[in-house]
Amino acid sequence: MTDKPTIDRPIADLSFEEAMAELERVVGALERGDVALEASIALYERGAALKSHCAAKLADAEAKVELIRAAEGRATGTTPMDAA
């Protein structure tokens, strides 16, 4: 793939790793500021959708890990510890 973000694949078809890589390219292009205003808006929208997609993929993975841990009889979830 090139350094420029692509919008030809539906986000739902991207793996977590592919979506993260594309999100990094989107952020890079926006940070460089070498994209016209209308294209920047489209990139920002795609970036927001990619972020949501990645968050959903992570939540799914975390849920699967919790199910595996529960099936093994191990503690699930996390609880912050109070500072003593």
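Refer to the preceding data block for the structure.
S.K.: I'm lost on the packing of helix α1 (residues 16–32) against helix α2 (residues 37–71) in this one. Help?
M.R.: In a packed pair of helices, the relevant descriptors are the angle between the two axes and the axis-to-axis distance. Here α1 crosses α2 at 150°, and the two axes come no closer than 9 Å. Between α1 and α2, the crossing angle belongs to the class labelled roughly antiparallel. Every pair of crossing elements has a handedness; the one defined by α1 and α2 is left-handed. Packed against α1, whose contacting residues are Phe16, Ala19, Met20, Glu22, Leu23, Val26, Ala29 and Leu30, the element α2 presents Ser40, Leu43, Tyr44, Arg46, Gly47, Leu50, Lys51, His53, Cys54, Lys57 and Leu58 at the interface. Residues belonging to the contact of α1 with α2 are distributed by class as follows: 12 nonpolar, three polar and four charged.

S.K.: How should I be thinking about the pattern of salt bridges in this particular structure?
M.R.: A side chain with one charge can pair with a side chain of the opposite charge if their charged atoms come near. Here the structure, examined in full by the defined rule, presents three salt bridges. For Glu22, the salt bridge identified is with Arg46, shortest N-O distance 2.7 Å. Taken together, the residues span a long stretch of sequence, with Glu22 in helix α1 and Arg46 in helix α2 at a distance of 24 residues. Each member of the pair, Glu22 as well as Arg46, carries the same accessibility label: buried. Among the ionic pairs, Arg32 bridges to Asp34, the shortest N-O distance being 3.4 Å. Looking at Asp34, the relative accessible area reads 46%, which means it is partly exposed.

Reading the values: rules and limits
- Residues numbered from 1 in each chain as written.
- Predicted model: local features only at pLDDT ≥ 70, side-chain atom pairs only at ≥ 80, totals over all residues.
- Heavy atoms only, no water.
- Axes fitted to C-alpha atoms, helices over the stretch in contact; angles between N-to-C directions.
- Helix = DSSP H or I, 4+ residues; strand = E, 2+ residues; numbered from the N terminus.
- Parallel < 35°, antiparallel > 145°, perpendicular 65-115°, else oblique.
- Left-handed = near helix turned anticlockwise from the far one by under 90°.
- Contact = heavy atoms within 4.5 Å.
- Nonpolar A, V, L, I, M, F, W, Y, C, P; charged D, E, K, R; others polar.
- Salt bridge = Lys/Arg side-chain N within 4 Å of Asp/Glu carboxyl O.
- Buried < 20%, exposed > 50% of the residue type's maximum accessible area, 1.4 Å probe, protein only.

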